[in-house]
Amino acid sequence: MFQFIKQKNKKIFKIFNFIFYQEISNSKIHSKYKNLLNLYSTNYKIKNDYTIDKRILFFKRILIKRIDISDVRYWYFKNKLIKKIFLKNIFKNKYFKYIPKKHDSIFLFDVNSGEMVIFLKFILYYLIQKQKSKNPLIIITKNYHKDLLNLFCPEIPYIELNRTFFGIQEKYFNIQNKKFNLICPKTYFKKTEEKIKQSNQNNYFNSLLKEFDCNINDIIFKQAIILKDIEENMFEKIKKINLNLNNFILLAPLANTCELIEENFWLELINKLKLKGYDIFINLYKKQNYLSEFKNKTCELSYSELFALAKYSKKIISLRSGLCEFLIDTNIEQNIIYTDFNNRAFCENLTSAQVLSGFSLCNVLNINKNLIKEFDFNQFSKKNLIELILN
């Protein structure tokens, strides 16, 4: 009677073999389509200039249409313009009430860990100084952002909002004498990846500095600091899995942007590391069914606790992710594997070679390159890559 079909990019709900509801997404053209009984449907699409086109159709005719272009939202009813709204005004109406009056420079973070770490380490204090801010405030949108703030700028107050910033693409904007800094809007990532695709001379670190007009000489460098209670919390958790803190490897096989590597690769690497006498800690922050046979060698750690643990490791072996930037200040050797980028809405598809060229950790300033070994996964056989990592 009832049938639910779930495929990679499609969901279908049938009743008596009749399609009651369907949902189709396409990451290549950045679109999502929903249909109910062939009567009501929605069509959502992100275009190359980050124009958002959302349509509600009734009996296959456009009823309501919303277009977001350059920080302006246009509403149409039956193709007739009925309302025009500036996105920063939506932001103001929704969130401005949560911002204490005393703050003058506000930094909005709706990014992942890699960009956030680079910004906090190299750019934040430069902008605070440049804007002559006396009372800066940070706004975060992800729970782990708190950990990063406590590591790099614990003295700056923050508030957490659980929504993204309504598609705002302006890097800087002002509301009632407050300077807002939007850290890496969506258009920044597309622009950066397009440049990396065009030339191997372009890299993400320099791109981020240029985004905020920050020269090498302008940088105010900050180092991560771990508080004693964080380390004590980490020790309590690690006791439960009997990890040998005197001789272990930290393995981080997960990433959001890089394609995951088949489990067999990691299993073979783990077995060979064990033959060399190493214990293994595997960071499986969200995908607990991945490498499940080693679940007794993992536990849930905060970012700060993971940093504290990594400082005791003999080596860090990881798939390229924002965790790599985060662990720079541990001063522990990192072996980093680069794969192709996943298909993602709006952004470029990059090969593993382009990812390595444009996102190499060696592009980061003040890094000890002797502690960084990087590998293009597609340039080696599994056997040869494992041997290179073991040596």
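See the structure above.
Residues numbered from 1 in each chain as written. Predicted model: local features only at pLDDT ≥ 70, side-chain atom pairs only at ≥ 80, totals over all residues. Heavy atoms only, no water.

## A closer look at the packing of aromatic side chains
- Applying the stated criterion across every chain yields a total of 23 aromatic pairs.
- Aromatic pair phenylalanine 122 and phenylalanine 205: ring centres 5.1 Å apart, planes at 80°, arrangement edge-to-face. You can see phenylalanine 122 sitting in helix H2 (residues 113-130) and its partner phenylalanine 205 sitting in helix H5 (residues 204-211), a full 83 residues away along the chain. Like phenylalanine 205, phenylalanine 122 is buried.
- In textbook terms, an aromatic cluster arises when at least three aromatic residues are bridged by ring pairs, as seen for Phe91, Tyr95, Phe96, Phe173 and Phe180.
- Across from the ring centre of tyrosine 76, 4.9 Å away, lies the NZ or CZ of lysine 65, which sits over that ring.
- Here the basic side chain of lysine 222 rests over the ring of tyrosine 125, its NZ or CZ set 4.6 Å away from the ring centre. (Phe/Tyr/Trp six-rings, centres within 6.5 Å; stacked < 30°, edge-to-face > 60°. Helix = DSSP H or I, 4+ residues; strand = E, 2+ residues; numbered from the N terminus. Buried < 20%, exposed > 50% of the residue type's maximum accessible area, 1.4 Å probe, protein only. Lys NZ or Arg CZ within 6 Å of the ring centre and 35° of its normal.)

## As for the pattern of salt bridges
- Summed over all chains, the structure comprises 16 salt bridges.
- Arginine 73 is paired through a salt bridge with aspartate 68; the nearest N and O atoms lie 2.9 Å apart.
- With relative accessibility at 10%, the residue arginine 73 sits in the buried group.
- The class for aspartate 68 is buried, based on a relative accessible area of 4%.
- Note that lysine 121 is salt-bridged to aspartate 329, the shortest N-O span being 2.9 Å. Remark: aspartate 329 occurs in the loop between helix H9 (322-326) and strand S18 (334-338) and lysine 121 occurs in helix H2; sequence separation between them is 208 residues. (Salt bridge = Lys/Arg side-chain N within 4 Å of Asp/Glu carboxyl O.)

## Quick word on unusual backbone geometry
- With phi around 65°, aspartate 71 is a residue other than glycine that occupies positive phi space.
- As for its placement among the helices and strands, aspartate 71 is situated in the loop between strand S7 (61-69) and strand S8 (72-77).
- Owing to a relative accessible area of 11%, aspartate 71 belongs among the buried residues under this scheme.

## A few points about the packing of H2 against H5
- Where H2 contacts H5, the axes come no closer than 11 Å and their chain directions differ by 60°. The angle between H2 and H5 places the two elements in the oblique class. The hand of the H2/H5 crossing is right-handed. The segment H2 lies against H5, with Glu115, Ile118, Phe119, Phe122 and Ile123 engaging Tyr204, Phe205, Leu208 and Leu209. (Axes fitted to C-alpha atoms, helices over the stretch in contact; angles between N-to-C directions. Parallel < 35°, antiparallel > 145°, perpendicular 65-115°, else oblique. Left-handed = near helix turned anticlockwise from the far one by under 90°. Contact = heavy atoms within 4.5 Å.)

## What to know about the pairing of strand S16 (residues 279-282)
- Burial of the side chains of S16 extends over both faces: Asp279 and Phe281 are buried on one face and Ile280 and Ile282 on the other.
- Across four bridges, the pairing between strand S15 (residues 248-252) and S16 is parallel. Residue pairing across strands places leucine 251 opposite isoleucine 282, the latter belonging to S16.
- Assessed by its sense of winding, the connection that carries the chain from S15 through helix H7 (residues 263-275) to S16 is right-handed. (Pairing = 2+ DSSP bridges. Right-handed = clockwise from strand over helix to strand, strands pointing away.)

## Some details on a positive patch on the surface
- Side chains of Lys6, Lys11, Lys32, Lys34 and Lys54 sit close together on the surface and give a patch of like positive charge.
- Tracing the backbone shows lysine 6 in strand S1 (residues 2-6). (Patch = residues over 30% accessible without salt bridge, like charges linked within 9 Å, V, L, I, M, F, W, Y side chains within 5 Å. Areas by Shrake-Rupley, 256 points an atom, 1.4 Å probe, with all protein chains shown as cover. Lys, Arg positive; Asp, Glu negative; His and termini not counted. Charge placed at Lys NZ, Arg CZ, Asp CG, Glu CD.)

## Topic: the environment of isoleucine 219
- Turning to its location among the elements, isoleucine 219 is positioned in the loop between H5 and helix H6 (228-239).
- When the C-alpha positions of isoleucine 219 and lysine 121 are compared, they lie 8.8 Å apart, and in sequence the two are 98 residues distant.
- Those residues in contact with isoleucine 219, other than ones at most four positions away along the chain, are Phe122, Leu209, Cys214 and Leu365.

## What to know about H7
- Its 13 residues give H7 an end-to-end C-alpha distance of 19 Å, which sits within 8% of 18 Å, the value for a rise of 1.5 Å per residue.
- Looking only at H7, the buried set comprises Phe265, Trp266, Leu267, Leu269, Ile270 and Leu273.
- Here the buried face of H7 lies against S15, S16, strand S17 (315-319), S18 and helix H11 (382-390). (Expected span 1.5 Å × (residues − 1).)

## Looking at the side chain of threonine 298
- With respect to the element layout, threonine 298 can be found in the loop between S16 and helix H8 (303-310).
- The buried category is assigned to threonine 298, whose relative accessible area is 9%.
- Among the polar contacts listed, one links the side chain of threonine 298 to the backbone oxygen of isoleucine 282, at a separation of 2.5 Å. (Polar contact = N/O pair within 3.5 Å; in protein donor to acceptor, adjacent residues only side chain to side chain.)

## Regarding the packing of helix H4 (residues 186-198) against helix H10 (residues 352-359)
- Contact geometry of H4 with H10 gives a least axis separation of 9 Å together with a crossing angle of 110°. Put simply, H4 runs roughly perpendicular to H10. Contacts between H4 and H10 involve Glu193, Ile196 and Lys197 on the former and, on the latter, Gln354, Gly358 and Phe359.
- Partitioned by chemical class, the residues of the contact of H4 with H10 number two nonpolar, two polar and two charged. (Nonpolar A, V, L, I, M, F, W, Y, C, P; charged D, E, K, R; others polar.)

## With respect to the nonpolar core
- Phe119, Leu120, Leu124, Trp266, Leu269 and Phe281 are the most contacted members of the largest nonpolar core, which totals 93 residues.
- Sorting elements by how many residues they give to this core places H2 first, with twelve residues.
- Beyond its immediate sequence surroundings of up to four residues, leucine 124 is in contact with Phe107, Phe119, Ile138, Cys153 and Ile156.
- Counting 19 residues, the second-largest nonpolar core is a separate cluster that includes Ile90, Phe91, Tyr95 and Ile159. (Core = buried A, V, L, I, M, F, W, Y, C linked by side-chain atoms within 4.5 Å.)

Purely geometric numbers; function is a separate question.
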